[in-house]
Amino acid sequence: MTKHKLNAHLVNQIERDANFFWLNVRFNIVSSIIAKYKLNNLLDVGAGSGKLGRDIKEKNSKFEYYFDEPDIDANKQLIKDFGQKYKATKNNRKFESIALLDVLEHVENPINLLEDCFSKLQKGGVMIISVPAYQFLWSNWDVLLGHYKRYTVRSMLELLDNFNIEILEKNYLFPELLFPAFLRKISKTKSEKFPKIPDFFNRIFYFFSLIISKFRRVVPFGLSVFFVVKKIDD
């Protein structure tokens, strides 16, 4: 991904992610997992605007949110919002949880990134991973965002088989968005931006997708692949 495209997408995300339903549903799911496993801290790899951290800390002000974000401008804002000491490169600690939300598809060698992240995860720690699903949905959107591939549950299992972990959750998210993704593919979009949605419909889509996400363990397909794994040992 070129720096220009990364920054264009990031600026768009910062402007919209406070309201965009897809991101908010995903952050809600992550927050519920943190509460379920009673986690006290998290490293957000590819933190973007830090919306995940703000959402979590709204529910638990004592929660420690650390960030790792390669974009210089985003880093400045994250430091301003959360503090210099929560920048991951400023400490050598291990974390109770790590989030890799739509990050792996941006790297050519995901094994290397996963190895680095697992080295920062404490024994018994939880890693939360999401990636875009299905190579047949590959479109100009993926090219613009600098993706290398899209995944399936099976291909993620093969990737994660390289590590000593326990699979806590493996499923798909957002089955309701498969058709819009197909339309995006055939439209050959030339923009990496999230679509503009009127606030009223955005709220409806949020609650609709949130309800559907409650059934993710039994839904056999979706726009995103979603894994929760636990590190067995160091």
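Look a little higher up for the structure.
Cut-offs used in this document
Residues numbered from 1 in each chain as written. Predicted model: local features only at pLDDT ≥ 70, side-chain atom pairs only at ≥ 80, totals over all residues. Heavy atoms only, no water. Salt bridge = Lys/Arg side-chain N within 4 Å of Asp/Glu carboxyl O. Buried < 20%, exposed > 50% of the residue type's maximum accessible area, 1.4 Å probe, protein only. Helix = DSSP H or I, 4+ residues; strand = E, 2+ residues; numbered from the N terminus. Pairing = 2+ DSSP bridges. Right-handed = clockwise from strand over helix to strand, strands pointing away. Axes fitted to C-alpha atoms, helices over the stretch in contact; angles between N-to-C directions.

1. Quick notes on the pattern of salt bridges
Pairs can form between side chains of opposite charge once their charged atoms are near each other.
Okay, so step 1: On inspection of all chains with the given rule, the structure shows 10 salt bridges.
Okay, so step 2: Asp-116 serves as the salt-bridge partner of Lys-120, at 3.3 Å between the closest nitrogen and oxygen.
Okay, so step 3: Note on Lys-120: relative accessible area 25%, which makes it partly exposed.
Okay, so step 4: Linking Glu-169 and Arg-216 is a salt bridge whose minimum nitrogen-to-oxygen distance equals 2.4 Å. Taken together, the residues Glu-169 in strand β5 (residues 165-173) and Arg-216 in the loop between α9 (199-213) and β6 (224-231) connect sequence positions 47 residues apart.
Okay, so step 5: What emerges from the salt-bridge pattern is a single network uniting Glu-169, Arg-216 and Arg-217.

2. A word on the pairing of strand β2 (residues 64-68)
Okay, so step 1: In the sheet, strand β1 (residues 41-45) pairs with β2 via five bridges, with the strands oriented parallel. Of the residues in β2, the one forming a bridge with Leu-42 is Tyr-65.
Okay, so step 2: On the question of chirality, the crossover connecting β1 to the parallel β2 by way of helix α3 (residues 51-59) is right-handed.

3. Details of the sheet that holds strand β4 (residues 121-132)
Okay, so step 1: Pairing is mixed in the open sheet, where six strands are placed in the order β2-β1-β3-β4-β6-β5. Whereas interior strands pair on both sides, the edge strands pair on one side only; in this sheet they are β2 and β5. Neighbouring strand axes in the sheet, compared pairwise and without regard to direction, differ in orientation by 15° on average.
Okay, so step 2: Examined bridge by bridge, strand β3 (residues 95-101) and β4 share six bridges and lie parallel to one another.

4. Structural notes on the environment of Ile-128
Okay, so step 1: Positionally, Ile-128 belongs in strand β4.
Okay, so step 2: For Ile-128, a relative accessible area of 0% gives the class buried.
Okay, so step 3: Placed 28 residues apart in sequence, Ile-128 and Leu-100 show a C-alpha to C-alpha distance of 6.1 Å.

5. What to know about unusual backbone geometry
Okay, so step 1: You will see that Asp-102, though not glycine, has its phi angle at about 55°, which is positive.
Okay, so step 2: A relative accessible area of 17% places Asp-102 in the buried class.
Okay, so step 3: If you check the backbone angles, Tyr-134 has positive phi at about 70° while not being a glycine.
Okay, so step 4: Relative to the helices and strands, Tyr-134 is located in the loop between β4 and α6 (140-144).

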